[in-house]
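Structure at a glance
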Amino acid sequence: MTEAHHVVVVGAGFGGLETVHRLAGAPVRITVVDRRNHHLFQPLLYQAATASLAPSEIAWPIRHLLRRRRDVTTLLASVEAIDKEARELHLDDGSALHYDTLVLATGARHAYFGNDAWEPFAPGLKTLEDATTIRGRVLLAFEEAEREADERKRAALLTFVIVGAGPTGVELAGTIAELARSTLPADFRRIDTREARIVLIEAGPRVLPAFAEDLSAYAKDSLERLGVEVALGEAVSDCSAEGVVFGAERLAAATIIWAAGVQSSPAALWLDAPADKAGRLKVEPDLTVPGHPEIFAIGDAAIVLRPDGRPVPGIAPAAKQEGAYVADVIRARLEAAPAPPPFRYKHQGDLATIGKRRAVIDFGWIKLRGAIAWWLWGCAHIYFLIGVRNRLSVALNWLWIYARDQRGARLITWQGEEAEEDDSPFSRP
Ligand SMILES: Cc1cc2nc3c(=O)[nH]c(=O)nc-3n(C[C@H](O)[C@H](O)[C@H](O)COP(=O)(O)OP(=O)(O)OC[C@H]3O[C@@H](n4cnc5c(N)ncnc54)[C@H](O)[C@@H]3O)c2cc1C
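Summarised in this report is the structure supplied together with it. The shown structure was predicted, so the numbers you read here are calculated from the model rather than taken from an experiment. Numbering of residues starts from 1 in every chain and runs along the sequence as written. pLDDT decides what is reported in this predicted model: residues at 70 or higher carry local features, side-chain atom pairs at 80 or more are listed and counted, and totals for whole chains, interfaces and linings draw on all residues regardless. With hydrogens and water set aside, each side-chain value is computed from the structure's full complement of heavy atoms.

In a soluble, globular protein the nonpolar side chains are often hidden away together inside. Counting 64 residues, the largest nonpolar core has L44, I58, F142, I198 and L200 as its most contacted members. Nonpolar core, defined: a set of buried Ala, Val, Leu, Ile, Met, Phe, Trp, Tyr and Cys residues in which side-chain atoms within 4.5 Å join the residues together. For every residue, the accessible area (1.4 Å probe, protein chains only) is compared with the maximum for its type, and the residue is labelled buried under 20%, exposed over 50%, or partly exposed between those bounds. Membership of the second largest hydrophobic core comes to 51 residues, among which are V7, I62, W270 and A302.

So, about the pairing of strand β21 (residues 292-297). Runs of H or I in DSSP of at least four residues are treated as helices and runs of E of at least two as strands, each being numbered from the N terminus. Among the 6 residues of β21, 5 are classified as buried, and the element is accordingly described as predominantly covered. Alignment of strand β9 (residues 101-104) against β21, held across 3 bridges, turns out to be parallel. Bridge pairing links L102 to I295 in β21. Both strand β20 (residues 288-289) and β21 contribute to a ladder of 2 bridges, which runs antiparallel. The residue of β21 that forms the bridge with T288 is F296. At least two bridges found by DSSP between two strands are what make those strands a pair. Taken together, β20 and the strand that follows it, β21, pair antiparallel across an intervening segment of 2 residues, in which G291 is found at a positive phi of about 80°.

On the basis of which strands lie adjacent, the open sheet formed by 4 strands has the order β13-β12-β11-β17 and parallel pairing. If you trace the sheet from one side to the other, it starts and ends with β13 (228-232) and β17 (255-258), each paired once. Going across the sheet, the axis of each strand differs from the next one's by a mean of 20°, ignoring polarity. Here, residues are in contact when the closest pair of their heavy atoms is within 4.5 Å. Inter-axis angles, ranging from 0 to 180 degrees, are taken between N-to-C directions of lines fitted to C-alpha atoms, where helices are fitted over the stretch in contact. Across the sheet, helix α4 (residues 128-147) touches β11 (159-163) and β17, and the angle it forms with β17 is around 160°.

When a carboxyl oxygen of Asp or Glu lies within 4 Å of a side-chain nitrogen of Lys or Arg, that pair is called a salt bridge. Under the definition given, this model contains 14 salt bridges. Close ionic contact of E129 with R36 constitutes a salt bridge, the shortest N to O distance being 2.8 Å. Highlighted residues: E129 in helix α4 and R36 in the loop between β2 (28-34) and β3 (38-40), separated in sequence by 93 residues. Assessed through its relative accessible area of 7%, E129 is described here as buried. Residues participating in the shared-partner salt-bridge network are R109, E119 and D130.

Being near a molecule or strand, for a residue, means having at least one of its heavy atoms within 4 Å of it. The environment of the ligand is made up of 29 residues, and the closest members are G15, D34, V79, D300 and A316. Under this definition, polar contacts are N or O atom pairs within 3.5 Å; protein pairs additionally need one hydrogen-donor-capable and one acceptor-capable atom, and for neighbouring residues in sequence, both atoms have to be side-chain atoms. In the environment of the ligand, an oxygen atom lies 3.3 Å from a nitrogen or oxygen atom belonging to the side chain of K126. For the ligand, whose unbound accessible area comes to 1,000 Å², protein coverage reaches 89%. Taken together, the elements giving at least two residues each to the shell around the ligand come down to α1 (14-22), β2 and α9 (316-334). In terms of residue count, α9 provides more of the shell around the ligand than any other element does, 3 residues in total. Note on areas: Shrake-Rupley, 1.4 Å probe, and residue coverage restricted to the protein chains presented here.

In this structure, A51 is a non-glycine residue whose phi angle is positive, near 70°. Tracing the sequence through the fold places A51 in the loop between α2 (45-49) and β4 (59-61). A51 gets classed as buried once you look at its relative accessible area, which sits at 1%. Positive phi values are uncommon outside glycine, yet D272 reaches one of about 55°. As for its placement among the helices and strands, D272 is situated in the loop between α8 (267-271) and β19 (281-282). For D272, a relative accessible area of 70% puts it in the exposed group.

Strand order in this open sheet of 3 strands is β6-β7-β8, and the pairing throughout is antiparallel. On the outer flanks of this sheet lie β6 (79-83) and β8 (96-98), each paired with one strand and no other. Ignoring which end each strand starts from, the neighbouring axes of this sheet average 25° apart. Sheet topology note: the β6/strand β7 (residues 88-91) ladder contains 4 bridges and is antiparallel. Of the residues in β7, the one forming a bridge with D83 is E88.

Quick look at the structure:
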């Protein structure tokens, strides 16, 4: 008996998992390869980074998610190279994995615009380890400030800089401001945590540049009401252990968080295929890699253009739509059915929160702001979480924060960068 067509999906993020779900019942066997053992709900990562949610509330073991799919094998492994001619992936343990069809859904990471030396001083937010690193740094800064006698050093410890005012930067800034103003004051004796400076630096002219201008203005005003200083039109030109330099200003800060710029995974290098500046693979209208109809690239790993030439945004719904589309193409090929028409992205809207009571939602046809947007944002995110237990626990946590300003996940579980992995129940050292 001949073996079923082998589809290998690299990356069990939003895009890869959607492909696997949509291929249920197709005449294929599927192997999912991911270098982590968990699927991560990145839209709520900032809450793990700011002690609002525990890492285990926003990540789920991939193997468990796919346990009912007898047609799917899950491998915890990192892809290091691809042999296009032999149709083989080379994994980190030295083994090779043959594919008939390959779906690359390897995502992206934050980028420092060529200044990688800034990373140790200004960690970005992409993984659970990043979130626990940031959480540790933020909480430790308050602890050290409580012990610090020197006024200047204390001020630097109580200065938190966030670089980049997209949704992640805005959400981080708003939540850290609430942490300092509402959650922590009663717990400290020598410092007044309300004096902490939270500075959001953005090179562009407004916060949330993907949103309509009035929503950007509302978000800026809401941040300022929370006590966030917003510096617009200033690019950061240096990050160090002392702080940041932006425009003509040098700001002493112990905690810097990087929320600007993304760089795609090295999938384009593995294939030696054309990519844009951010390393995203250029794909055909059916999301295949040029010259290789058996290889698809989706989500943050690919640059997909809309009919008007604008790129499809790097967000979860786009990755999921692309994942579903690719599954349909694969199924049509195997069933010798007509190929689906070229991929068309449907934008469902942009959402961002500013602290625990305000949000902005831009659906295009309708714009929402304030408390009603916050409740809608909350319901949407709870809906998209996986599993009833997680939904209940996240909803309860949010209600608790809403009513009492208390954030439960305020543990510092490491005493140095080298111990960070320990805090992540699912990560691989
Ligand atoms: C902090 C943050 C907040 C965000 N907020 C939002 C939001 O509010 N709304 C929204 O829609 N989008 C948001 N996004 C964007 C959204 O998360 C991404 O667009 C989406 O995750 C892209 O899905 P993907 O499947 O392409 O990649 P990912 O979900 O990133 O998944 C990629 C997977 O590939 C695996 N992988 C990578 N390299 C390898 C390798 N070499 N070998 C094996 N496996 C590998 C990774 O471990 C990972 O599991 C946010 C992103 C971040 C970082």
